[in-house]
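Residues per chain, in single letters:
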Amino acid sequence: MDGLPGDPTPITPVIKAGWLDKNPPQGSYIYQKRWVRLDADHLRYFDSNKDAYSKRFISVACISRVAAIGDQKFEVITNNRTFAFRAESDAERKEWVRALQQAAAEQGARARLSSTYPLGVRGPELPDHAGSLELRGFKNKLYVAVAGDKVQLYKNLEEYHLGIGITFIDMSVGNVKEADRRSFDLTTPYRIFSFSAESELEKEQWLEAMQGAIAEALSTSEVAERIWAMAPNRFCADCGAAQPDWASINLCVVICKRCAGEHRGLGAGVSKVRSLKMDRKVWTETLIELFLHLGNGTGNHFWAANVPPSEALQPNSSPGARRRHLEAKYREGKYRRYHPLFGNQEELDKALCATVTTTDLAETQALLGCGAGVNCFSGDPEAPTPLALAEQAGQILQMEFLRNNRTTEVPRLESTKPLEKHYSVVLPTVSHSGFLYKTASAGKLLQDRRAREEFSRRWCVLSDGVLSYYENERAVTPNGEIRASEIVCLAVPPPDTHGFEHTFEVYTEGERLYLFGLESAELAREWVKCIAKAFIPPLAEDLLTRDFERLGRLPYKAGLSLQRAQEGWFSLTGSELRAVFPEGPCEEPLQLRKLQELSVQGDSENQVLVLVERRRTLYIQGERRLDFTGWLGAIQKAAASSGDTLSEQQLGDSDIPVIVYRCVDYITQCGLTSEGIYRKCGQTSKTQRLLESLRQDARSVRLKEGEQHVDDVSSALKRFLRDLPDGLFTRAQRLAWLDTSEIEDEEEKVSRYRELLARLPPVNRATVKALISHLYCVQCFSDTNQMNTHNLAIVFGPTLFQTDGQDYKAGRVVEDLISHYVVVFSVDEEELRKQREEITAIVKMRVAGTASGTQHAGDFICTVYLEEKKADTEQHIKIPASMTAEELTLEILDRRNVGIRERDYWTCFEVNEREEAERPLHFAEKVLPILHGLGTDSYLVVKKHQSMEAMLLYLASHVGDTKHGMMKFREDRSLLGLGLPSGGFHDRYFILNSSCLRLYKEIRSQRSWSGAPETSHRPEKEWPVRSLKVYLGVKKKLRPPTCWGFTVVHETEKHEKQQWYLCCETQMELREWFATFLFVQHDGLVWPSEPSRVSRAVPEVRLGSVSLIPLRGSENEMRRSVAAFAADPLSLLRNV
C-alpha cells in the first residue's frame, strides 16, 4: 500500500496504511472516510489515497495512549486531543492498535535520548525558520516551520508545540519563487502553495530558508555517513547537536547548521565552512581521511581543553551565545591547550618543520593553533616550507592539513584586535534619519533593473553604529537593521540604474546586499556620506574626501608580510583605485587604465585579483564572494576603455593608447615590407570585429600573424583614428595645423608645428609622435612597400583630420611631419639609431624566416618566466631588436618588483626541455635573435645563476685564457637538430683557447711549454669558439657517465647542426670549463663591470608606505620565493 500515485516518495517507510472512518472533531456521530497512513514519525490522514498532502498529521512522539473501544473503534490520545477512528473489522482494528502502540513506544525511546527538542519537529534539530504566514485558501494565518528538508504547516503555534499539524511538504520536489512585494509561491508537482509574509524582509528570510531546505533535500549523505563513522563526529564539536552535517575544513571539526552560520561570521581567515552533503567537490578522499584521523575528538582535545561548564554551548543556545563562544574558542583561542613551546616563535617553527615529516597530525594542529608559521622557512632551500617538507616525506594528510590552513589566522587573546581588522576600531558616532526606498535584500549581485514598484518606503535611522529601517516614522519595532561593523562595501551605481534615479548598495559580512533609492541626488549623497562615516575607521577617512563609486574593505597581500592576508580599505573613483593599508596613510592611486596586467588567479573558491602597475603589484583576495564579485566587475570595467576619446582609452606607460600601440607594433613587426600597406583596405567584417575587441579590452588582445592580416589591422587603426570624436589634432587646433602647412619658410613652419604639438593634450601629443614615428619607419622601406612619404600622407591626411579628402592641406601636414620627424619631435641621434636598428633587424629576420620556410609571431611578445616555468610566474614582454639579456632580466625583475641584493646574479636562461639543458645568456647578448630561434620545446626564464660567483672567483685567480683537460665525450650529428646519435661516451683530451675548441684522441707524455701534456699534432675535431653555444646539462637518455655535463652546439652556414656532449668528473671542473668558455667568447667580460648592474640597490618599490613584491601562485610558492630572495646565494648553490 506504499507509494500510491500522486504521492511523493516518503523518506521514512510506511508501517501501515488503509481506509478508516474518522470521527470529526465536533463530536458528530457521522464518520468520514479517510485514507490513513502511519510511519515511524507521523500518523497522517487524507481525503483520498491519491492525495499528496494530508488534511492533518499527528506526531507519533506526542501520542500518549492508543485504546480500543466498542464497534471496531479505537482512540489515539495525545496530551489534549483525542482522535477516534473506526476500522472495518475487529482484526483490522487490532492491527492498527498494535502498530500505533509499537510506533509510539519506539518513538518514546528515541525521544528520551533527545528530550530537549519540541514535539512536532522531526529529527534532532530545531526548525531552521518558523513563524506565521498567510496561505491562499485559508481564512486564518498558519504557523509554518522549515525543518531540515521539509516545510510543515500548523493551524497555530499551540498546535505546533503539541505536534498536531495540517501537512508537510517534501522540498525534494519543491521550488520557490517571488510573486509580488510580500508574496511568494512554493511550487510542487502536486500543488502550488501561495504564501504572503508581513514584510519584504520576512519574505526574503522565508525564501532563503526554503531554498536551504531544497538544497538539503537534494544533497547526499554519503560523505556525512563516512565521517560520522567516528563516534565524536556524530555530534557538533561546539554545541553537541546530533548528526552535524557541516564542517570547518581548516579546523577539521564537524559542526551543526546553527554553529556553521556563526563560523561563517568569523571569516574564512578563521574557519572555512563547507557542507558534508552539498559541497561534494570539496570532499576528496584525502580530506575525508583527514577528518577520520583528526575530527571532533582531536579538535576539541586542543580547542576545547579548558571550557568552563558555564560557558559551554548547548544545542538550543541562542545565536548570540554561539557567536561569543566561537569567537573566544577559535578567534581568540581562549580554551585551547597551550603547547609547551607557546610564545617561542623560532622553536614553534622548528617543531612544525620536524612534525610535518611524521604522521602526528594532532601535534601539527596544536603547533599551528599556538602560532607556528604555516609558511615559515625551513632552512632547506630544496624544501623551504613545511608543506614542501611534508611533500618530500610523502605525508599526504599533513600536506592536506597545511594547504587548508595556508591563510588561517593565528588565534590571539589581545583585548584589542590587530590593526588590520579596522572594523574593530571604535568609530565616531554618526546620526542620520529620513525616508528611504528599499528593496528586499539579495544574496547575489543585482544584474537586472529593479523597477520602482519593487521598492518600499521605509523610515530609516542611522544611530550608534546601526542602520534600522521601520514601516513608518511612528513604528517602534524596526523591520530590520544593519550593523555598521558588518558593512564591508558601499557602492553607488550610476544614476537611473534602477527605478529610482539615485541608488546605493550596502554589502554585509553575511553575504547580503541591500539596495536603497531616492529621487533627490543631494539626499542620496548625504545618506552615502553618513553610512560611509559610520563604518570607515579614522585611518581611512582620507578616502571620503572625494566622491566614490565603491568603498569598502578587502583582504590583500603585499610587502613581505606573507603569513596571512591583511585588510585594507579601498575606494574606486573613475579609473583610480585608492587604498589605505594599516602601515600608513592613503596610498598613491592605482591608475587602472594604465595597468600592465589585470587578471584573476585561483579557483572559484579562492580567487585573487592581480593588479600590476609599473613597479608595483597588488593582490586582492576574494574572501567574501558577493562583494568581491562586485569589486571585480567594477575594477574590470574601470580598467577598460570608457569612451571614444583618446584619454578614455587604456593607456601604456608613455600615455599612448594600447589600441594604437597594439596595431602599430603588429604592423612594424609584420607589415613594413607589405606592398600597399595602409593604402589597401582589409575585409570590412574582420576589421569591424577586430576594432570592437580592441575597444572593449585592448590590453587582452594579442595580435598574431596568421590570425590577423596586416591590412585588417591597418584598417582597424585608421578607422579608430577617423572615428575619434575630437580628432587626433583636436577640433580647436585643427585649422591652425592646416594653415601652418601653407607657410613657405621651412624653418618657420617646423617651429610652428612644434608650438602646436606642445599645445595638444598629453595623450594626443604622445599618440601623434608614436604614429608619425611609425610612418617614418614605413616610408624607410618604400622601395618594397611602395608607400613613400607622399603616399602615406594621401592616406592619413583625411583620416587624421577627418576630411573628405578634398582638402590637400591635411595631406601636406602629415607629409611635413614625416619629413621633419627628427626636428619636430626632438628625436636625438641615439633614439633614431636604436629605432633604425630595430626595424632593420625585424626585416632581416622576416626575410630569413621566409627563406627558411618559417614564420614568426607578429608582435614578438615573448613569454618569460620568473624562476620556474609555471602559469603564475609568466610575464609577457615586447622584445625590441636592441634589447639585451641584461635589459630583459632587469625589466622582468622590475615588473615583478624583485630587488637585487649583493651577490645576486640574476640571469636570463634559454631552456631546451627536449635536450634537458639550459644556457645562461651573456648579459650583452641580443634577445630578439634568440627568440626567433627558439623551438616549441624551448623558453626563457629569469633566475639566479647559482654558479656565477664561483666562476668569477676561478677567473680572478686563473692566469691566461686557455683551459685543457680530459673529459668524457659523445657526438651527435644532425640536420636541423633531428638528432642521429653516434656511439657512447669516450675519453678525449680537449684544449680551449681564444680561437677554437680542439679535441685530441691521444696524449703524449712530453710537456709543452704551456704546461699542458703534448697531444698529437692534428686534432680530431676543431670548432671556432665564437660560433659555439654551450648549454649546461646532458639529456638522460644518452646515459651520461657523470652528472656534471654540458652540451656544445655548432650550426654551420648550411644549417647543419653538430652537437657534442661533454662530461666532467666534478662540479668544480664543470664550472671552470664553462667560465673559460664565457671568458674567451666575450673577451674576458663575463659579468657587467658597472656596480649598478652587478648589484643594484634594492629599489624602494612601494605603494605609498608598503613595500610590494610579486605574490603569485599559492601561499607556499610565495613564501618560498621570499625565502630565496633573502637567502645567501652561496648557501643556495645547486648542482649545475
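Procedures and definitions
- Residues numbered from 1 in each chain as written.
- Predicted model: local features only at pLDDT ≥ 70, side-chain atom pairs only at ≥ 80, totals over all residues.
- Heavy atoms only, no water.
- Phe/Tyr/Trp six-rings, centres within 6.5 Å; stacked < 30°, edge-to-face > 60°.
- Lys NZ or Arg CZ within 6 Å of the ring centre and 35° of its normal.
- Helix = DSSP H or I, 4+ residues; strand = E, 2+ residues; numbered from the N terminus.
- Buried < 20%, exposed > 50% of the residue type's maximum accessible area, 1.4 Å probe, protein only.
- Salt bridge = Lys/Arg side-chain N within 4 Å of Asp/Glu carboxyl O.
- Contact = heavy atoms within 4.5 Å.
- pLDDT = per-residue confidence, 0-100.
- Patch = residues over 30% accessible without salt bridge, like charges linked within 9 Å, V, L, I, M, F, W, Y side chains within 5 Å.
- Areas by Shrake-Rupley, 256 points an atom, 1.4 Å probe, with all protein chains shown as cover.
- Lys, Arg positive; Asp, Glu negative; His and termini not counted.
- Charge placed at Lys NZ, Arg CZ, Asp CG, Glu CD.

1. Remarks on the packing of aromatic side chains
Part 1 of the argument: Applying the stated rule across the entire model yields 36 aromatic pairs.
Part 2 of the argument: Here the aromatic cluster, defined as three or more aromatic residues joined through ring pairs, consists of Y53, F184, Y190, F193 and F195.
Part 3 of the argument: Taking the ring centre of F500 as reference, the NZ or CZ of R452 above it sits at 4.1 Å.
Part 4 of the argument: Its end group placed over the ring of Y1031, R919 keeps NZ or CZ at 5.8 Å from the ring centre.

2. Quick notes on unusual backbone geometry
Part 1 of the argument: Of note in this structure, Q243 is not a glycine but carries a positive phi near 50 degrees.
Part 2 of the argument: Structurally, Q243 can be placed in the loop between α4 (222-227) and β16 (246-248).
Part 3 of the argument: Since its relative accessible area comes to 47%, Q243 is described here as partly exposed.

3. Observations concerning the pattern of salt bridges
Part 1 of the argument: According to the stated counting rule, one finds 54 salt bridges in the structure shown.
Part 2 of the argument: As a salt-bridge pair, K350 and E346 come within 3.5 Å of each other at their nearest N and O atoms. Residue K350 and its partner E346 are both found in helix α9 (residues 345-355); the two are separated by four residues, about one turn of the helix.
Part 3 of the argument: The exposure class of E346 is exposed, given its relative accessible area of 53%.
Part 4 of the argument: With a closest N to O distance of 3.5 Å, R449 and D496 form a salt bridge. Pair noted here: R449 is in the loop between β19 (432-438) and β20 (456-463) and D496 is in the loop between β23 (487-491) and β24 (502-508), with a separation of 47 residues, a long-range link.
Part 5 of the argument: Each member of the salt-bridge network shares a partner with another, and the members are E509, R553, E567, R624 and D627.

4. Here we look at helix α12 (residues 396-404)
Part 1 of the argument: Counted residue by residue, α12 has seven buried out of nine residues, so it is predominantly covered.
Part 2 of the argument: Along α12, the residues that are buried comprise L397, Q398, M399, E400, F401, L402 and N404.
Part 3 of the argument: Turning to α12, the residues buried within the fold contact α6 (285-293), α9, α10 (361-369) and α11 (386-393).

5. Remarks on the confidence of the model for the chain
Caution applies to low-pLDDT parts of the model: their predicted coordinates are not meant to be read in detail.
Part 1 of the argument: On average, the chain scores 81 in pLDDT, and the residues at 70 or more come to 85%.
Part 2 of the argument: Throughout residues 415-428 the model reports pLDDT below 50, and contacts reaching past four residues in sequence, or to other chains, amount to 32 contacts.

6. Topic: a negative patch on the surface
Part 1 of the argument: Among the surface-exposed residues, E744, D745, E747 and E748 lie close enough to one another that they form a single negatively charged patch.
Part 2 of the argument: Within the element layout of this structure, E744 appears in the loop between α18 (731-740) and α19 (746-759).
Part 3 of the argument: E744 sits in the exposed class, given a relative accessible area of 74%.

7. Remarks on the environment of L921
Part 1 of the argument: Of note, L921 is situated in the loop between β36 (917-920) and α27 (927-933).
Part 2 of the argument: For the pair formed by L921 and L1078, sequence separation is 157 residues and the distance between their alpha carbons is 9.9 Å.
Part 3 of the argument: When neighbours within four sequence positions are excluded, L921 is seen to be in contact with A885, T907, C908, E910 and I930.

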